[in-house]
Amino acid sequence: MRIGVFVCHCGSNIAATVDCPAVAEQAGTLQDVVFTTDTMYTCSEPGQNEIISAIKEQKLDGVVVASCSPRMHEATFRRALERAGLNRYMLEMANIREHVSWIGKNKPRNTIKAFELVKIAVAKLRNNNPLHANKFDVTKRVLVIGGGVAGIQAALDCADAGYQVVMVEREQSIGGKMAKIDKTFPTVDCSSCILGPKMVDVSQHENITLYAMSEVEKIEGYVGNFDVQVRKKATYVNWADCTGCGACMEKCPSKKNVDKFNEGISKCTSINIPFPQAIPKKAAIDPSGCLMLQKGKCGVCAKVCPTKCIDFEQKDEILSEKVGAVIAATGYDMFDHSVYKQYGAGQYPDVITSLQYERLMNASGPTGGHIVRPSDGKEPKKVVFVQCVGSRDPSVGRPYCSGFCCMYTAKQAVLTKDHIPDSDSYVFYMDIRSPGKGYDEFTRRAQEQYGVQYVRGRVSMIYPKGDNLIVRGADTLAGTQVEVEADLVVLAVGAESAKNAPALAEKMRISYDSYGFFMEAHPKLKPVETNTAGVYLAGSCLGPRDIPTSVGQGSAAAAKVMTLFSKDKLESDPQVSKVNASRCVGCLKCAATCPFGAIKEVTDRAGNVKAEVIETVCQGCGICTVTCPQGAIQLQHFTDNQILAEVNALCQAQLDF
Amino acid sequence: MSISVGYYPGCSGSGTSVEYDKSTRAVCKKLGIELNEIDDWSCCGSTPAHTVDHTLSAALSARNLVLAAKQGQEEVVTPCPSCLANLRTASRKIEDENYRPKVEALLDEPCDEAASVASTLQLIVERVGMDAIKKAVVKPLKDLNVACYYGCIMNRPPELMQFDDPENPMAMDDIMEACGATVLPFPLKVECCGAAAGMPKKDIVTELSGRLLDVAESLNTEIIVTACPLCQMNLDLRQGQVNRANGTRYDIPVVYFTQLLGLALGLSAEEVGLSKLVVDPTPRLRFAGVL
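Peer 1: Is there a simple way to think about the state of the cysteines in this case?
Peer 2: Covalent bonding between the sulfur atoms of two cysteines defines a disulfide. All names here are of chain A. Within this structure, the stated rule accounts for one disulfide over all chains. At a sulfur-sulfur separation of 2.3 Å, the disulfide partner of cysteine 190 is cysteine 193. Taking the sign of the S-S torsion, about 80° here, the bridge from cysteine 190 to cysteine 193 comes out right-handed. The thiol of cysteine 388 is unpaired, and the distance to the nearest cysteine sulfur, on cysteine 406, comes to 6.1 Å.

So, in structure tokens, the structure goes:
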């Protein structure tokens, strides 16, 4: 075998703390290594060309690249090998950046470690074999999880491109947070007027199947061929017949259910359609307050329903769908401000959240768009906005900036002046973060044209005095304490990940960060992809995002799906398990341990039971290989021989430079 | 249930707040807690010591904890939050192997054996519990609007005190509710009363304590309940000064939680030292039928 070793400087990333030429020189002493060199940037065009020409001129059979993490450039170098006519699996990478230069500063010792990693890679490569991918079909349907604005955009783009879309929404209606918002910043246009038509498009598009009040129960399979189970929750209303006339809502005697759509500032009936523009516009019963479901007597809705669609016996249904790709757009939740005990912790009715305030300002909200105090229904004349409630505060476990609160606060302050011209608004802020298009101009306009008083400092506490609230805080620009007597206090609560996000991430087999937000495959270059092929992300499930970014990402995720679906066949990864039938005794212990159900039982011509790997299902985890008592099942590209060769190489005496 | 712990009354307990000490001992006896006063205890260092010398301050408090351990007490309780802060700080410092020798040098003895520290409030809440209190109440504090005021150091800093919520503590609220009182949501329950600034800069106390009384009055508070001798003094003894400085006419009794708890448990006014208070609580207590 003839092996070439390429040691990358990565500019000064590696070369600053690893003696790259020395590593290259030493690598020349290794068995089968016939060519070594060190390059400034191996991933660059000249760097790749150097590999290609070396393969051709030196007649190399395999290549070791000592550089960054294979997550970064393994695909790049594999393509280079293919261009030179080698099999792509005749490449090994030694990670001397993340595993060496970035974590240690001692150059001599780093150099030794880098060489050891190269030695391991060469030892493994000597045992590598060319592998070949199989082709398989793609199911050209996409699952969109979440019907907020990002999910809606993604679904419409895919559907317009001619692909079938299955949209699963947890709530009774699509629209997400945007549907609850009165106006958008910085244009102050009506939120439901721009979202509403898109929601209608979703419901009317022939390529979109919408499951509201549903959750994803299980996702199995692999890119191109996912099997999805959706739990359609019982609504106690037969939606096929419900016309959304609302007769049931008018007559329902139980009016004490928490109105989730209005963020709990009002009550609603037990059978309810959340808002006039709801899609689908169907009624559902909330069993917690329903007299029929709780106590077995009432049934008024069933009596008045003109289409007789009430069904108190309804149960959850499980539906199965086959899709080729998944877009998660599950959004976010608002921070629970009751952690801030000093802000009243939900004790004082006139301390409300920004989204509650949004419902108060909304013409379809519980007050018909009149801003009133929840406690006594009076119009507030002095409104105080407190920013960064649950943002940029490590003490409540939310050190990150939620990004959009500065803007929605400015918008709400402006709208307050529009609604109540003789009112005064105060905003307690830490910094104003308004980097979007037209955003900074907008926050300035709030201060300069609308006379909103911006006070830079955190609020320390809020307490009642008579009917009003004293907001005590610091003015860090003036260097004094300030107290404002307010009629109404609006807490600009930050964003946190959706409650069930980690559980969903595990179903999709994607990673999430310590706050529960989903992780993109690369924060800069793969912003809507995940490390699981065929699963894409959009919107605030990745972290707090405003509407334009969410919509942009919805389209981006859709574009990725279309790219995937543009091929009729996909290539499977050959790094999967393979059974040596002559060794296999058919005990099927491998099948019992396989977490993906990728091993099936077959009978050979002689009638013996054997195990067989379903290549497209196998994820290459290797659990079966350590289970097999015969050593008959081997993970391709990570066989026992390859791994033992690595260990043997590492256990050889250490070299000194 | 029988609980036996070491007891550290602190200097204020034998001076400005004898009624706190007296009612604490009486209440604990009623609740089946045996308080064993540390023999030959000394001052914890109070406010001045740690402003002058941290090691000296630690040594003054550590001495009491070592004494308690020698007298067979694993745990020491104290009613005064200021003593509590000093004792807990000292016990944390002598856990540090590098710091302990400095303290030992001052004390001339090893202090690797030292008692742990809690407040009597914590002891009653966590070891006796609300159910036991409810059962022991013989004279419920019906028709009495109380506001519980914890002051700034009973629960803070949280990592040192490790008891209750630092922003919205509920220990006294729960005790008073168990006694049958109407507990008002007092928003300034952990605000500073001005503390020891009463001597050098009286206007700080009249402003800060004035604000507390102001909010208490606006809530229709009949009695303010405290757990700190200094808070009690600023609100009660200085209430006249506050009134004169601010032009107000507040007349709100300020009592220790142990005094009201004692009355609810059937102790007499004499046994909980009601006569030591400056703003007389007896008319309101009599009106509410507690006396």
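Peer 1: Explain the nonpolar core here, please?
Peer 2: It is characteristic of soluble globular proteins that their nonpolar side chains tend to be buried jointly. In this structure, Ile33, Ile133, Ile175, Met176, Phe257 and Leu260 of chain B are the most contacted members of the largest nonpolar core, which totals 68 residues. With residues up to four places along the chain from it excluded, the contact list for methionine 176 of chain B reads Leu141, Val146, Cys148, Ala181, Val183, Val225, Phe257, Leu260 and Leu261 of chain B. The next biggest cluster of nonpolar side chains, apart from the first, holds 60 residues, and it includes Met178, Ile285, Leu564 and Phe565 of chain A.

Peer 1: What's the story with the interface of chain A and chain B in this structure? I'm lost.
Peer 2: By a frequent convention, interface size equals the accessible area lost on bringing the separate parts together. At the junction of the two partners, chain A supplies 10 residues and chain B supplies 10 residues. The contact between chain A and chain B buries some 930 Å² in all, and 52% of this surface belongs to carbon and sulfur atoms. Applying the counting rule to chain A against chain B returns four salt bridges. A salt bridge links lysine 341 of chain A to aspartate 165 of chain B, with the nearest nitrogen and oxygen atoms 2.7 Å apart. Taken together, the links from chain A to chain B amount to three residue pairs in polar contact (both at pLDDT 80 or more). Per-element accounting of the side of chain A that touches chain B gives the leading share, four residues, to strand 22 (residues 459-465) of chain A.

Peer 1: Explain the sheet that holds strand 19 (residues 382-389) of chain A to me, please; I cannot follow it from the model alone.
Peer 2: Residue and element names in this part refer to chain A. Spatially, 18-25-19-20-21 is the arrangement adopted by the five strands of the open sheet, whose pairing is parallel. Either end of the sheet is taken by a strand with one partner, and the two such strands are strand 18 (351-353) and strand 21 (453-456). Each strand axis lies, on average, 25° off the axis of its neighbour in the sheet, ignoring direction. Here strand 19 runs beside strand 25 (residues 488-493); their pairing, made up of five bridges, is parallel. Directly across from phenylalanine 385, in strand 25, lies its bridge partner valine 490. Its contacts with the sheet put helix 13 (residues 405-419) on strand 19, strand 20 (424-429), strand 21 and strand 25, and the angle it makes with strand 19 is roughly 175°.

Peer 1: For this particular structure, what's the right way to read the pairing of strand 25 of chain A?
Peer 2: Along any regular strand, the residues point their side chains to alternate faces of the sheet. Residue and element names in this part refer to chain A. Most of strand 25 is tucked away, with six of its six residues classed as buried. Neither face of strand 25 is open: one carries Leu488, Val490 and Ala492, the other Val489, Leu491 and Val493, and all of them are buried. Relative to strand 25, strand 18 runs parallel, the two sharing three bridges. Considered in strand 25, the bridge of threonine 353 is made with leucine 491.

Peer 1: Explain the environment of lysine 560 of chain A here, please?
Peer 2: All names here are of chain A. Along the polypeptide, lysine 560 turns up in helix 16 (residues 547-565). Using a relative accessible area of 33% as the deciding quantity, one classes lysine 560 as partly exposed. For the pair lysine 560 and glutamate 92, spaced 468 residues apart in the sequence, the C-alpha separation amounts to 29 Å.

Peer 1: Looking at this model, I keep getting lost on a negative patch on the surface. Mind explaining?
Peer 2: There is a patch of like negative charges on the surface, built from Glu126, Asp164, Asp174 and Glu177 of chain B. You can see aspartate 164 of chain B is positioned in the loop between helix 9 (158-161) and helix 10 (171-178).

Peer 1: Mind showing me how you'd approach unusual backbone geometry here?
Peer 2: If a residue is not glycine, its phi is most likely negative; likewise, a peptide bond is most likely trans. Residues and elements named next belong to chain A. Looking along the chain, the bond that leaves phenylalanine 185 and enters proline 186 is cis, with omega of -10°. Position of proline 186 relative to the elements: it lies in the loop between strand 7 (164-168) and helix 8 (191-204). Here the residue pair isoleucine 279 and proline 280 is connected by a cis peptide bond, since its omega of -5° sits within 30 degrees of zero. A positive phi is found at arginine 392, a non-glycine position, where the angle reads about 50°. For arginine 392, the position within the fold is in the loop between strand 19 and helix 13. Residues other than glycine seldom take positive phi values, yet histidine 637 does so here, at roughly 80°.

Peer 1: How do you make sense of the packing of helix 11 (residues 202-218) of chain B against helix 13 (residues 239-246) of chain B when you look at a structure like this?
Peer 2: Helix-helix packing is described using two parameters, namely the angle between the two axes and the distance between the axes. Residue and element names in this part refer to chain B. Two numbers describe how helix 11 lies on helix 13: the axes approach to 9 Å, and their chain directions differ by 95°. Here helix 11 is positioned roughly perpendicular relative to helix 13, judged by the angle of their axes. Residue-level contacts link Lys202, Thr206, Ser209, Gly210 and Leu213 of helix 11 to Gln239, Gln241, Val242, Ala245 and Asn246 of helix 13.

Peer 1: Explain the pattern of salt bridges here, please?
Peer 2: Pairing between side chains of opposite charge can happen when their charged atoms approach one another. Residues and elements named next belong to chain A. What the rule picks out here adds up to 47 salt bridges over all chains. A salt bridge links arginine 444 to glutamate 448; the nearest nitrogen and oxygen atoms lie 3.5 Å apart. Here the residue arginine 444 and the residue glutamate 448 both occupy positions in helix 14 (residues 439-448), the gap between them amounting to four residues, near one helical turn. Here arginine 444 falls in the partly exposed class, since its relative accessible area comes to 46%.

Peer 1: How do you make sense of the sheet that holds strand 15 (residues 317-323) of chain A when you look at a structure like this?
Peer 2: Within a sheet, adjacent strands bond to each other through the backbone by hydrogen bonds, running parallel or antiparallel. All names here are of chain A. Spatially, the three strands line up as an open sheet ordered 9-10-15, and their pairing is antiparallel. Unpaired on one side and paired on the other, strand 9 (214-222) and strand 15 mark the two borders of the sheet. Taken over all neighbouring pairs, the strand axes of this sheet differ in orientation by 20° on average, direction set aside. The pairing of strand 10 (residues 225-232) with strand 15 spans seven bridges and is classified as antiparallel. In the sheet register, glutamine 229 faces strand 15, and the bridge partner there is serine 320.

Peer 1: In this structure, what is going on with the packing of aromatic side chains? I would like to understand it.
Peer 2: For any pair of aromatic rings, geometry is given as the distance between the ring centres together with the angle between the planes. All names here are of chain A. Under the criterion given, the structure shown has 17 aromatic pairs over all chains. The interplanar angle of 10° and the centroid separation of 5.1 Å between the aromatic rings of tyrosine 340 and tyrosine 343 together place this pair among those described as stacked. These aromatic residues form a ring-pair network of at least three members: Tyr332, Phe404 and Tyr408. A cation sits over an aromatic face here: lysine 124 above phenylalanine 638, 4.4 Å from the ring centre. In this structure, lysine 177 is placed above the aromatic ring of tyrosine 332, and the distance from its NZ or CZ to the ring centre is 4.9 Å.

Peer 1: I would appreciate a short explanation of helix 6 (residues 107-125) of chain A in the present structure.
Peer 2: Turn by turn, an α-helix covers 3.6 residues, leaving residues three or four places apart pointing in a common direction. Residue and element names in this part refer to chain A. Relative to the 27 Å expected for 19 residues at 1.5 Å per residue, helix 6 spans 27 Å between its end C-alpha atoms, a close match to the ideal helical length. The element helix 6 is largely enclosed, with a buried count of 14 among its 19 residues. The residue sitting at the N-terminus of helix 6 and contributing the capping side-chain oxygen is asparagine 106; that oxygen lies 3.3 Å from the backbone nitrogen of arginine 109.

Thresholds, definitions, all that
Residues numbered from 1 in each chain as written. Chains lettered and ligands numbered in written order. Predicted model: local features only at pLDDT ≥ 70, side-chain atom pairs only at ≥ 80, totals over all residues. Heavy atoms only, no water. Disulfide = S-S within 2.5 Å. Core = buried A, V, L, I, M, F, W, Y, C linked by side-chain atoms within 4.5 Å. Buried < 20%, exposed > 50% of the residue type's maximum accessible area, 1.4 Å probe, protein only. Contact = heavy atoms within 4.5 Å. Buried area = accessible area lost by both parts, 1.4 Å probe. Salt bridge = Lys/Arg side-chain N within 4 Å of Asp/Glu carboxyl O. Polar contact = N/O pair within 3.5 Å; in protein donor to acceptor, adjacent residues only side chain to side chain. Helix = DSSP H or I, 4+ residues; strand = E, 2+ residues; numbered from the N terminus. Pairing = 2+ DSSP bridges. Axes fitted to C-alpha atoms, helices over the stretch in contact; angles between N-to-C directions. Patch = residues over 30% accessible without salt bridge, like charges linked within 9 Å, V, L, I, M, F, W, Y side chains within 5 Å. Areas by Shrake-Rupley, 256 points an atom, 1.4 Å probe, with all protein chains shown as cover. Lys, Arg positive; Asp, Glu negative; His and termini not counted. Charge placed at Lys NZ, Arg CZ, Asp CG, Glu CD. Parallel < 35°, antiparallel > 145°, perpendicular 65-115°, else oblique. Phe/Tyr/Trp six-rings, centres within 6.5 Å; stacked < 30°, edge-to-face > 60°. Lys NZ or Arg CZ within 6 Å of the ring centre and 35° of its normal. Expected span 1.5 Å × (residues − 1).

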